[in-house]
Amino acid sequence: MTRDIAITPLTAEAFAPFGDVLNCDGDPDKIINAGLCGRFHDRAQVDCDGRVGISLFRSELRQLPYKLDLVERHPLGSQAFIPMSMDPFLVIVADADLQPQAFITAPGEGINFHRGVWHGVLTPLTGPGLFAVIDRIGEGDNLEEHHFTAPYRVIFDE
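Criteria and thresholds
- Residues numbered from 1 in each chain as written.
- Predicted model: local features only at pLDDT ≥ 70, side-chain atom pairs only at ≥ 80, totals over all residues.
- Heavy atoms only, no water.
- Buried < 20%, exposed > 50% of the residue type's maximum accessible area, 1.4 Å probe, protein only.
- Helix = DSSP H or I, 4+ residues; strand = E, 2+ residues; numbered from the N terminus.
- Pairing = 2+ DSSP bridges.
- Axes fitted to C-alpha atoms, helices over the stretch in contact; angles between N-to-C directions.

**Observations concerning the pairing of strand 9 (residues 100-104)**
Then, number 1: Across the five residues that make up strand 9, a large majority, four, are buried.
Then, number 2: Bridge count between strand 1 (residues 3-9) and strand 9: three bridges; the pairing is parallel. When the bridges of strand 9 are listed, Thr8 appears paired with Phe103.
Then, number 3: By the bridge criterion, five bridges tie strand 8 (residues 89-94) to strand 9 in an arrangement that is antiparallel. By the bridge assignment for strand 9, Ile92 is matched with Ala102.

**Topic: the sheet that holds strand 7 (residues 79-83)**
Then, number 1: Reading across the sheet, the five strands line up as 2-10-7-13-5 and stay open at both edges, with antiparallel pairing between neighbours. On the outer flanks of this sheet lie strand 2 (19-22) and strand 5 (51-58), each paired with one strand and no other. For this sheet, the mean inter-axis angle between neighbouring strands, taken without regard to orientation, is 15°.
Then, number 2: Inspection of the sheet shows strand 2 paired to strand 10 (residues 110-113) by four bridges, in the antiparallel sense. Pairing of Leu22 across the sheet is with Gly110, part of strand 10.

What is shown is where atoms sit, not what they do.
Set out below in structure tokens:
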């Protein structure tokens, strides 16, 4: 048996229980570089035990409907996904009761999952699938996985 999850647009308000939306909405906090660059300052807090690292991930493209049978979380630190293209991607999160929700980012938007938040794997739907990932680097087990016995089907609600 599969259960459907409708994809909704990502908003800061809807995503707040799970993390931060990383974008350039509104006016920059500062104008720098001789007036040629706007800085959108401190859009997410990195929260981790250990040191922070920046990695590059190249993920295979996925298709809709997407079969959701696995979520994961990182108990020792937050994790940010920042696309290295203007392609939107699918973001799946689940609450403490493992009830999933699905969001689609706007072009160029990234996200930062709070420490311990259940989330789906990196799920680009178009583009190169290349992301900068900011997360915890260090000793200890920072990955927990949950496999759903009955998968969900992630779709655009028409």
